[in-house]
Amino acid sequence: SRVDHGGARPVILVDGHAGNDGAQPVEMPGLEIRVTDLEGRIIRYKLGTAARRLAPGEQFAFSSRLEVPKSGVKTVSVTFAR
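Per chain, the residues get numbers from 1 upward, laid out in the order the sequence is written. Under the rules for a predicted model, residues below a pLDDT of 70 receive no local features and side-chain atom pairs below 80 are neither given nor counted, while totals for whole chains, interfaces and linings still include all residues. Water and hydrogen atoms were dropped before computing side-chain values, which therefore reflect all heavy atoms in the structure.

By the criteria applied, helices consist of DSSP H or I runs no shorter than four residues and strands consist of E runs no shorter than two, each listed in order from the N terminus. Considering the arrangement of structural elements, one finds Ser-64 in strand E7 (residues 59–67). Exposure is judged per residue with a 1.4 Å probe applied to protein chains only, and the accessible area is read against the type maximum: over 50% gives exposed, under 20% gives buried, and values in between give partly exposed. Residue Ser-64 is classed as buried on the basis of its relative accessible area of 14%.

Here it is, written out as structure tokens:
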């Protein structure tokens, strides 16, 4: 992830991929992007995957653009939604 200051307002650009390292097909769960601002507040964003099935060795690429919190960005993390 990175903050892009090139436009009228800065945005957080999140790019990544998740893969199936197992031997069986699996259903890709949704993703949760967590942005922690400089004051310690956490903002959560859900990223759907349409319950896509991944074959063994297959990867799922994702990308998102998010608003930068007013106080700035401390951390960004991506996990599987529960």
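Another aspect to go through is the environment of Ile-12. Along the chain, Ile-12 falls in strand E2 (residues 11–19). Separated by 56 residues in the primary sequence, Ile-12 and Val-68 place their C-alpha atoms 6.0 Å from one another. With near-sequence residues (within four places) excluded, Ile-12 lies in contact with Arg-2, Val-3, Val-35, Ser-64, Arg-65, Leu-66, Glu-67, Val-68, Pro-69, Val-73 and Val-76. By definition, residues are in contact when any of their heavy atoms lie within 4.5 Å.

What follows covers the sheet that holds E2. For two strands to pair, DSSP has to find at least two bridges joining them. If you trace the three strands from one edge of the open sheet to the other, you get E1-E2-E7, paired in antiparallel fashion. The sheet is open, and its two borders are formed by strand E1 (2–4) and E7, each paired with just one other strand. Here the strands of the sheet are splayed against their neighbours by 25° on average, with no regard to which way each runs. In this sheet, E7 lies alongside E2 in antiparallel orientation, the contact comprising nine bridges. Paired with Val-14 across the strands is Ser-64, a residue of E7. Helix axes use the C-alpha atoms of the stretch in contact, all axes being lines fitted to C-alpha atoms, and the angles between their N-to-C directions lie in the range 0 to 180 degrees.

What follows covers the pattern of salt bridges. Should the charged atoms of two oppositely charged side chains come close, the side chains can pair. Each reported salt bridge corresponds to a side-chain nitrogen of Lys or Arg within 4 Å of a carboxyl oxygen of Asp or Glu. Enumeration over the complete set of coordinates arrives at seven salt bridges. Glu-32 is paired through a salt bridge with Arg-44; the nearest N and O atoms lie 3.7 Å apart. One end of the pair, Glu-32, is in strand E4 (residues 31–37); the other, Arg-44, is in strand E5 (residues 42–47), and twelve residues separate them in sequence. The exposure class assigned to Arg-44 is partly exposed, which follows from its relative accessible area of 47%. A salt bridge links Arg-41 to Asp-37; the nearest nitrogen and oxygen atoms lie 3.0 Å apart. A cluster of three or more residues bridged by salt bridges with shared partners is formed by Glu-32, Arg-34, Arg-44 and Lys-46.

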